[in-house]
Amino acid sequence: MTAVHRITEATAGHHGRPVYELRGVTKSYARGNLKALDRVDLTLNEGGFASVIGPSGCGKTTLLKIMAGLVPPTGGSVYLQGTPVTGTRRDIGMMFQHATLFPWRTTIENIVLPIEIRDGRAAAKAKHADALALLDLVGLKGFEHRRPGDLSGGMAQRAAICRMLITEPAVLLLDEPFSALDELSRDFMNMELQRICMERQATAFLITHSIPEAVILSDVVYVMSPRPGTFVETVEIDLPRPRTLDMMTDRKFGEYVRHIRTHLDKGAFL
Amino acid sequence: MTAVDNSQGARPDTVWSEPVTFMDRLPRWIGMTGLMVAFLLTWQVIHLSGLVSPIILPGPWETAQDIAFVGQNLLTGGYMLTAFWITFKEVIFGYAIALTIGFSLGIIVGEFAFGERAVLPYLVAIDTMPKVAFAPIFLAWLGFGISSKVALAAFIATFPIVVGTAAGLHASDEHARALFKTMGATRLQTLIKMKLPLALPQMFTGLKIAAVGVMAGAITGEFLGGGKGFGELIRVAASQLNTPRVFSLIIYLSLLGLALFWTVVWVERRLVFWQKSSAGGGMAQ
């Protein structure tokens, strides 16, 4: 199958300099001659929010792992802030579907864990003031000495946001961060995420399989199809910020959703 | 939208209660005491009926008297206390050795590819053998003193600790590993700050099984290799057909086993404070 060839590339974040630059990123597995990713191009500018949407197994998690330096690509190049990504880096913050807070640590000890790992206990202690400010930012003030067992799913993800931000990363990689939450909390947390990203002018990259979530959060949505994983459509979302949940009933929002769904159907379920 | 009108035709509340069984309402200690009384009564009836010779099955009262006698001997520092002390040392040394070797092997098997691929198959092979059968070898190597019993006790108790530690180290999920990788953690940091704490619950399951096994090992060693411990007292009492004595010695021996088991549970509750002790908790109240 020679799928859609060259799509005019859109870039997320209109003004800033490029933070992430991916050119022809390919990942194939020798076993089974499987091509997980095929020539993926992507540019993410400073302050931009981009999403990749696609069905399960389309290679979006592989793409994120390559961007994070967790697995090597078999072709193409990945540059972050002008330097090649050849392993995990300090300037990347990551968040997963599960908060993965450690129950023997208090909330604040969980948040400063990345600092403790990199620079030791003393440095982590010195970051407690920053951690408290972040807890305030995500609305968890007063929970610093509670253990994760006392936190709800949404609160745990808020703490995970703090842990991701404590190292002041240049980019946030978000791997379906709220998909384990119920739908009401999820919508709410997405709005919180937007607020936090806007306040800190963060550059973020989200992978998701929810079309409305991708549209409401992003400047650009990349639609990915599987076998081999490749971008079949790039949709620039031209909705004013800050976005609100009410916008989800807008005609324009509905058109974006419909447009993405059409391309998803074409690409994914052939 | 209109509010639902509740005023019209007020109906009675439909309050009803779920059926509660008699056992649900009964306090636990009553059930336990009742069962014990029934057991003692049955025992007494069988004893009085003369169906079983009193040499084979002494009555509950005789046994109770003997328990009191042995207890007095132990408390006044008699010869039984000396024997108890020997068995106590065998159990404690055996457990300490099993803990050291078991934990180390568990780390090797659970953390290193070499351990999992090369060491584990041999451990599984040895674990499937009836370990008590090794007793004559330990006696031949280490003699009839305390060390051969310590060796057998440690040998039996090591394997559950290895399995618990290794399985626990594999318990860390993919997300936690990916998280530590993105934070740039070294292998040692990942082990100490993430894998070992996450392994603790399964490690303690192994430690509890080992606490039971170490007792069996020490007593089996004494049965087969003589010596001066509690197992030897049991063997002598049995050979003299002093059945009440055998029963009471077993009771005091099981107190040692319980003390060890509960020490492990106590440490677990301190160390794994974020989780309720599984096996111990279930057996607890």
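Under an unreviewed UniProt entry, the name given to chain A is ABC transporter ATP-binding protein, and the organism recorded is Neoaquamicrobium microcysteis. Here chain A is described in UniProt, under the heading Sequence similarities (unreviewed entry), as follows: "Belongs to the ABC transporter superfamily."

Enquirer: Before we go on, may I ask you to explain the overall build of chain B in this structure?
Expert: Of the regular secondary structure elements, chain B holds 12 helices and zero strands. Here the C-alpha radius of gyration of chain B, 27 Å, is well above what a compact globule of 285 residues would show, namely 19 Å. Taking the principal axes of the C-alpha coordinates as reference, chain B spans close to 90 × 65 × 35 Å. A buried classification covers 32% of the 285 residues belonging to chain B. Here the analysis covers contacts within chain B between residues at least 6 apart in sequence; of these, 76% occur between residues at least 24 apart.

Enquirer: Help me understand the pairing of strand 2 (residues 18–29) of chain A, please; the structure alone is not making it clear to me.
Expert: Residues in a regular strand point their side chains to alternate faces of the sheet. Across eight bridges, strand 2 of chain A lies against strand 3 (residues 34–45) of chain A in antiparallel orientation. Its bridge partner being in strand 3 of chain A, S28 of chain A is matched across the sheet by K35 of chain A.

Enquirer: I keep staring at the environment of G48 of chain A and nothing clicks. Help me out?
Expert: Residue and element names in this part refer to chain A. Tracing the sequence through the fold places G48 in the loop between strand 3 and strand 4 (49–53). We classify G48 as buried; it has 25 C-beta atoms within 10 Å. Residues G48 and R227, 179 residues apart in the sequence, show an inter-C-alpha distance of 28 Å.

Enquirer: Would you explain the interface of chain A and chain B in this entry?
Expert: Often, the extent of an interface is quoted as the loss of accessible area on bringing the components together. Contacts between chain A and chain B engage 17 residues on the former and 12 residues on the latter. Breaking the side of chain A that touches chain B down by element, the ones donating at least two residues are strand 7 (92–95) and helix 3 (113–119) of chain A. A total of three residues in the side of chain A that touches chain B trace back to one element, the largest contributor, which is helix 3 of chain A. A class-by-class count of the residues in the side of chain A that touches chain B yields 10 nonpolar, four polar and three charged.

Enquirer: What's the story with the pairing of strand 8 (residues 171–175) of chain A in this structure? I'm lost.
Expert: Residue and element names in this part refer to chain A. Of all the five residues making up strand 8, five are buried; the element is thus mostly covered by neighbouring parts of the structure. Residues V171, L173 and D175 line one face of strand 8 and the alternating positions L172 and L174 line the opposite face, and both faces are buried. Note: strand 7 against strand 8, four bridges, orientation parallel. Bridging across to strand 8, M94 finds its partner in L173. Both strand 8 and strand 9 (residues 204–208) contribute to a ladder of four bridges, which runs parallel. If you follow L174 over to strand 9, its bridge partner there is L206.

Enquirer: It is not clear to me how the sheet that holds strand 10 (residues 220–225) of chain A should be interpreted in this structure. Could you clarify?
Expert: The strands that make up a sheet pair up through hydrogen bonds in the backbone, lying either parallel or antiparallel. All names here are of chain A. The strand order across the open sheet formed by six strands is 7-8-9-4-10-11, and the pairing between neighbours is mixed. Edge positions in the sheet fall to strand 7 and strand 11 (230–236), since each has one partner strand and no second. Pairwise comparison of adjacent strand axes, ignoring direction, gives a mean angle of 20° for this sheet. Pairing geometry for strand 4 and strand 10, over four bridges, is parallel. Residue pairing in the sheet places I53 in a bridge with V223 of strand 10.

Enquirer: How should the confidence of the model for chain A be read in this particular structure?
Expert: For any part of a model where pLDDT is low, the fine detail of the predicted coordinates should not be relied upon. Residues and elements named next belong to chain A. Counting all residues, the mean pLDDT for chain A is 86, and 92% of those residues have values of 70 or more. For chain A, strand 1 (residues 11–12) is the element with the lowest average pLDDT, namely 53, and helix 2 (residues 107–111) is the one with the highest, namely 94. Confidence over residues 1–9 falls short of pLDDT 50; this stretch has 10 contacts with residues more than four positions distant or in other chains.

Enquirer: What is the right way to read helix 1 (residues 60–68) of chain A from this model?
Expert: All names here are of chain A. The buried fraction of helix 1 is high, at eight of nine residues. Listed in full, the buried residues belonging to helix 1 are K60, T62, L63, L64, K65, I66, M67 and A68. Two residues or fewer past helix 1, G69 is found with a positive phi of approximately 80°.

Enquirer: I keep staring at the environment of L253 of chain B and nothing clicks. Help me out?
Expert: Residues and elements named next belong to chain B. With respect to the helices, strands and loops of the structure, L253 is situated in helix 11 (residues 243–271). Residue classification places L253 among the buried positions, given that 21 C-beta atoms sit within 10 Å. When the C-alpha positions of L253 and G231 are compared, they lie 8.9 Å apart, and in sequence the two are 22 residues distant.

Rules used throughout
- Residues numbered from 1 in each chain as written.
- Chains lettered and ligands numbered in written order.
- Predicted model: local features only at pLDDT ≥ 70, side-chain atom pairs only at ≥ 80, totals over all residues.
- UniProt positions renumbered as here; feature names shortened; annotations may be inferred.
- Helix = DSSP H or I, 4+ residues; strand = E, 2+ residues; numbered from the N terminus.
- Rg over C-alpha atoms; globule rule 2.2 N^0.38 Å.
- Buried ≥ 20, exposed ≤ 12 C-beta atoms within 10 Å, placed from the backbone.
- Contact = placed C-beta atoms within 7 Å.
- Pairing = 2+ DSSP bridges.
- Nonpolar A, V, L, I, M, F, W, Y, C, P; charged D, E, K, R; others polar.
- Axes fitted to C-alpha atoms, helices over the stretch in contact; angles between N-to-C directions.
- pLDDT = per-residue confidence, 0-100.

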